[in-house]
Structure formats: structure tokens, C-alpha cells
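Breakdown of the fold
The chain contents come next:
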Amino acid sequence: MNKIAGLFIAISSFMAGQQQMSLLDCEEAFQKNNLQLLAEQYNINMADADILQAKIWELPQLSGQINAYNPEGKKAFDIGHAKGAEITQLIYMGGKKKNEIAFAKSNKELAQLQFSQLLVDLRTQLHAGYFNLYYEKLKLDNTNKQLGYMNDLLSAYRAQSAKGNVSLKDEVRLQSLVIQLNNDKLGINKNILEFEQSLKVLTGISDDIEPQLSEVDAKEILAAQPFGDENELKKKALENNSDYQYFLKLIDNSKLYAQWQKSLNVPDLNVGAGWDQNGGTFKNEVNLMVGIPLPLWKSNQGNLVKANFAIQQNQKNADYQKLNLETKVQSAYKTWKSQYDQLAEIKSTDLSNMELVYDGMLKNFRKGNVNLIEFTDFMDSYRQTALQIYDMKNEIMQSAEQLNQLIQTKIFY
């Protein structure tokens, strides 16, 4: 009874460190907890602050004057007879404030596009890690199933080999297959740890994630095909890819910056009013003051030339990004298509037959209808094929996720 209770506690402890989660559950945790995403959001908030700052005008300037020494009355600080005050305000000309605000708003749009691209990239990592973990777990289950039988068989052969009933060569043949299976298991477990770590960082969940994906749902994902041909997918990518849209927006942004720099060459006005008690033509004189720099040269010409070069540079970068995006979509689509067609050649009946033959080989070997060489050859072939099929399925999902990452709109129906 104590052993049963101990086993129950051990199982409960193991399950407590794991969470069964669907892909949707992982996405919800990701959007709520991902630190990179939360940090990037502040760039948009800071861009809002820049817009607010751009709308603020220079403060008015208030100045005053008092008498320091009256030579006629030989009196210092004769404030009662000589003092004055003035107030001035800088008036922006040439649409400076309007252009500065437009540039700040454009920067916010760039920050939003950067956030969107980061969201897409991280979500792709999440999906990729989830499917990787799902198939590695299936590979581990399959490998453990084979190891369970082969370890029992090896133990039996060792006992018989010690008695001289079977040859040492047969024992070594089985040992070789067990070593290969254990090596497979070691690699799979290493991959599982890496994928679990990645998902923990992405979702902000400290427990190990157990993918909750049924075989039926997995088949539906594998069977999904993109809507439209290669050219249609390229068109959608150019319309929706945040990274490419960022470079297009960067052209507009640099044009707005150039317009702002151009407007800075327009002289601004200083307008104000002044009062003087005794220093003017009249007592208690009130004067209107207007000041403007003399536009003898363009004080911002260098920045304007630099801004115009930035427009040309950003145009070239956008052209490159367009070509790069179209090439990536083409390559990703061809990769997905070849992998999809390759898996489609393997019929579900072929997979069922493989499992039937596997079960049949085990039964016939136990009955002595199959010799050890035939059995180990088949088991080694089955081991490799089973892993390859899981990898093929996973690669299709990974290729589909790459297409989603590039096109950034729903294409699989």
C-alpha cells in the first residue's frame, strides 16, 4: 500500500511541474507575459511623448531693467525713477511646428510597425517551438516503446549467453541496436529541453509545457494548403509584411524630416512688448518689439542636404527589401510544396502497414519464425523510418510557419 501511495505522489509531483497547453493557450500567455513584447510597447509610448513634445512652443521670455546708478542724483539703485520691463515670444515661421509634429507622428508609425514585426517574429518562434516539442515528444514515446522491448530482449539474451545457449555475437548485435536507440533518446531529450526552455521564455511560464494537440488537429494542420499561387503570395506579402512596410514608411519619414529641415531655414519672429519708465522718448513708454534674424545664408543647409540623401538611401533599401521579400516567399513556398508533396506520397495505409509489420515482426520473432538478423535489420530500419516521418511532418509545419511569418495574413485555409 505504501508503494502505491509513493508512486501516486511521484506521479503527482511530475505532473505538477508540467502544464498541458494548447497552442491558443500558449499564445494568450505569450501576449500577456512576453517581456520582449512588453518592452517594445514602450517605444510606441515614447513616440507618443515625442508627438506631445513637438506640439510645445518655446516659453515666453520676460526681462526687466532697473537703475544701477543715477549720476545726476548720485544715487545707486534709483529704482523709483528708472526701471523697465519687456516680454517676448518666439513665433515659428515656415510651418516648422507643423512639420516637426508630422515627423514625430511618422516616427510613431515606424514604432508601431517595428512592434508588429516583433510580434510576428516572436509568435513564429512560439509556433515553431510548440510543433518542435510536439513531434519530439512523439519521437520520444516511439523510441521508449522500442527501448522497452529491446532492453527486455537484451536482458534475456545476456542470461542465455552466460549459459552458452546463444552466441555472444547475437548479444552484441542486440546491444548495438539498444545503443542506437539510447543515442536517439539522448538527442531527443536534449532537443526537448531546448524547446521547453524557449517556450518558457516566450510564454513567461516556469513549468514545462506539454503540447495539447490531438492527432486529428495535427492532421488538419498538415493538410492545410495556402490560398493562391506563388505570385498571389508575393503580392500579399508586399501588402502585409511589417518589415517591408517599415522601409516604405521610412521613405515617407525621411521626406517629412527633409521638409522639416527645409523649414528650419525660414527665419522666426520674436514678438514682444516693453515698458520703460523714463528711458524712452515718453514717460512710461510702452513699445512693440519685433525681431528677426537676417537670412544672409541658409543656416541649416548641411542638414537639408543630408536629409535628401537619406531619402535616396531609404528608397534603395526599400527596393532591396522588396526583392529580398519576394525571393524569400518564393523559396519558402517551394520548400513547403516539395515537403508537402513528399509526405503526400506516403499514404495513411502505408503508415498503418508499417505498424502492422512492426507488430507482426515482434510476434513472429517471439515464435521463432524470424531469425535475429532479420529482426534486428527490420528494427533498425523501422527506428530510422519512424524518426524520419516525424521529422517530415514537423518540417511541413515549420515551412508553413515561415510562410505565415513572411506574408503576415491568413493564407492557410
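Residues numbered from 1 in each chain as written. Predicted model: local features only at pLDDT ≥ 70, side-chain atom pairs only at ≥ 80, totals over all residues. Heavy atoms only, no water.

Where nonpolar side chains cluster on the molecular surface, the patch consists of Ile66, Phe77 and Ile79 and spans about 310 Å² of accessible area. With respect to the secondary-structure elements, Phe77 resides in the loop between strand 4 (75-76) and strand 5 (83-91). A relative accessible area of 54% places Phe77 in the exposed class. (Patch = residues over 30% accessible without salt bridge, like charges linked within 9 Å, V, L, I, M, F, W, Y side chains within 5 Å. Areas by Shrake-Rupley, 256 points an atom, 1.4 Å probe, with all protein chains shown as cover. Salt bridge = Lys/Arg side-chain N within 4 Å of Asp/Glu carboxyl O. Helix = DSSP H or I, 4+ residues; strand = E, 2+ residues; numbered from the N terminus. Buried < 20%, exposed > 50% of the residue type's maximum accessible area, 1.4 Å probe, protein only.)

So, on to the confidence of the model for the chain. Here the chain shows a mean pLDDT of 89. Residues at 70 or above account for 96%. Ranking the elements of the chain by mean pLDDT puts helix 1 (residues 2-16) last with 46 and helix 8 (residues 242-263) first with 96. Low pLDDT, under 50, characterises residues 3-16; the stretch is placed with one contact to residues that sit more than four places away or in other chains. (pLDDT = per-residue confidence, 0-100. Contact = heavy atoms within 4.5 Å.)

Time to look at the sheet that holds strand 8 (residues 285-291). Read across the open sheet, the four strands follow the order 2-5-7-8; overall the sheet is antiparallel. The sheet is open, and its two edges are formed by strand 2 (61-66) and strand 8, each paired on a single side. Mean inter-strand twist for the sheet, computed between neighbouring axes without regard to direction, equals 15 degrees. Pairing of strand 7 (residues 269-276) with strand 8, which is carried by seven bridges, proceeds in the antiparallel orientation. Paired with Gly272 across the strands is Met289, a residue of strand 8. (Pairing = 2+ DSSP bridges. Axes fitted to C-alpha atoms, helices over the stretch in contact; angles between N-to-C directions.)

Our focus in this paragraph is the layout of surface pockets. If you add up the space inside the largest pocket, you get close to 710 Å³. If you go around the largest pocket, you meet 24 residues; those closest to its centre are Glu215, Lys219, Leu351, Ile389 and Lys393. Elements with a contribution of two residues or more to the lining of the largest pocket: helix 4 (96-163), helix 6 (215-223), helix 9 (301-344), helix 10 (348-367) and helix 11 (372-407). Partitioned by chemical class, the residues of the lining of the largest pocket number 16 nonpolar, three polar and five charged. Roughly 560 Å³ of internal volume is contained in the second largest pocket. When residues of the lining of the second largest pocket are traced back to their parent elements, those giving at least two are helix 2 (23-33), helix 4, helix 6 and helix 11. (1 Å grid on protein atoms, 1.4 Å probe; cavity = no way out; pocket = protein on both sides within 12 Å on 5 of 7 lines; lining within 4 Å. Points joined across faces, edges and corners; volume = space filled by probe spheres on them. Nonpolar A, V, L, I, M, F, W, Y, C, P; charged D, E, K, R; others polar.)

What follows concerns the packing of helix 4 against helix 6. The contact between helix 4 and helix 6 brings their axes to 13 Å, and the two run at 125 degrees. By the criterion of interaxial angle, the relationship of helix 4 to helix 6 is oblique. Crossing angle aside, the handedness with which helix 4 passes helix 6 is left-handed. Taking contact as the criterion, the partners of Phe131, Tyr134 and Tyr135 in helix 4 are, on helix 6, Glu215, Ala218, Ile221 and Leu222. (Parallel < 35°, antiparallel > 145°, perpendicular 65-115°, else oblique. Left-handed = near helix turned anticlockwise from the far one by under 90°.)

This paragraph deals with the packing of helix 5 (residues 168-203) against helix 11. Where helix 5 contacts helix 11, the axes come no closer than 10 Å and their chain directions differ by 10 degrees. With respect to their mutual orientation, helix 5 and helix 11 come out roughly parallel. In contact with Asp170, Arg173, Leu174, Leu177, Gln180, Leu181, Asp184 and Ile188 of helix 5, helix 11 contributes Leu372, Ile373, Thr376, Asp377, Met379, Asp380, Arg383 and Leu387. In terms of residue class, the contact of helix 5 with helix 11 is built from eight nonpolar, two polar and six charged.

This part takes up the packing of aromatic side chains. Taken as a whole and judged by the stated rule, the model has 14 aromatic pairs. Ring geometry for Tyr134 and Tyr135: centres 4.9 Å apart, planes at 75 degrees, overall edge-to-face. As far as the burial class goes, Tyr134 and Tyr135 line up, both buried. Here the aromatic rings of Tyr149 and Phe375 are separated by 6.1 Å at their centres, their planes lie at 65 degrees, and the arrangement is edge-to-face. (Phe/Tyr/Trp six-rings, centres within 6.5 Å; stacked < 30°, edge-to-face > 60°.)

Turning to the nonpolar core, a few remarks are in order. By size, the foremost hydrophobic cluster in this structure holds 52 residues, and its most contacted members are Trp336, Leu403 and Ile407. When contributions to this core are tallied by element, the ones reaching two or more residues are helix 2, helix 3 (35-54), helix 4, helix 5, helix 6, helix 7 (230-240), helix 9 and helix 11. Counting residues per element, this core draws most heavily on helix 4, which supplies twelve residues. Leaving out residues up to four positions away in the same chain, Ile407 has contacts with Leu233, Lys236, Ala237, Asn240, Asn241 and Val329. In terms of nonpolar packing, the next biggest core, distinct from the first, is built from 23 residues, Tyr358, Val370, Met379 and Ala386 among them. (Core = buried A, V, L, I, M, F, W, Y, C linked by side-chain atoms within 4.5 Å.)

Turning our eyes to something else, we now look at the pattern of salt bridges. On inspection of all chains with the given rule, the structure shows 16 salt bridges. Two residues, Lys145 and Glu355, come together in a salt bridge whose shortest N-O distance is 3.7 Å. Placement of Lys145 in helix 4 and of Glu355 in helix 10 is noted, with a sequence separation of 210 residues between them. In this structure, the salt-bridge partner of Asp380 is Arg383, at a minimum N-O distance of 3.0 Å. One end of the pair, Asp380, and the other, Arg383, are both in helix 11, three residues apart, so they sit about a helical turn from each other. A relative accessible area of 10% means that Arg383 is categorised as buried. Within the structure, one salt-bridge network assembled from shared partners comprises Glu136, Lys139 and Asp391.

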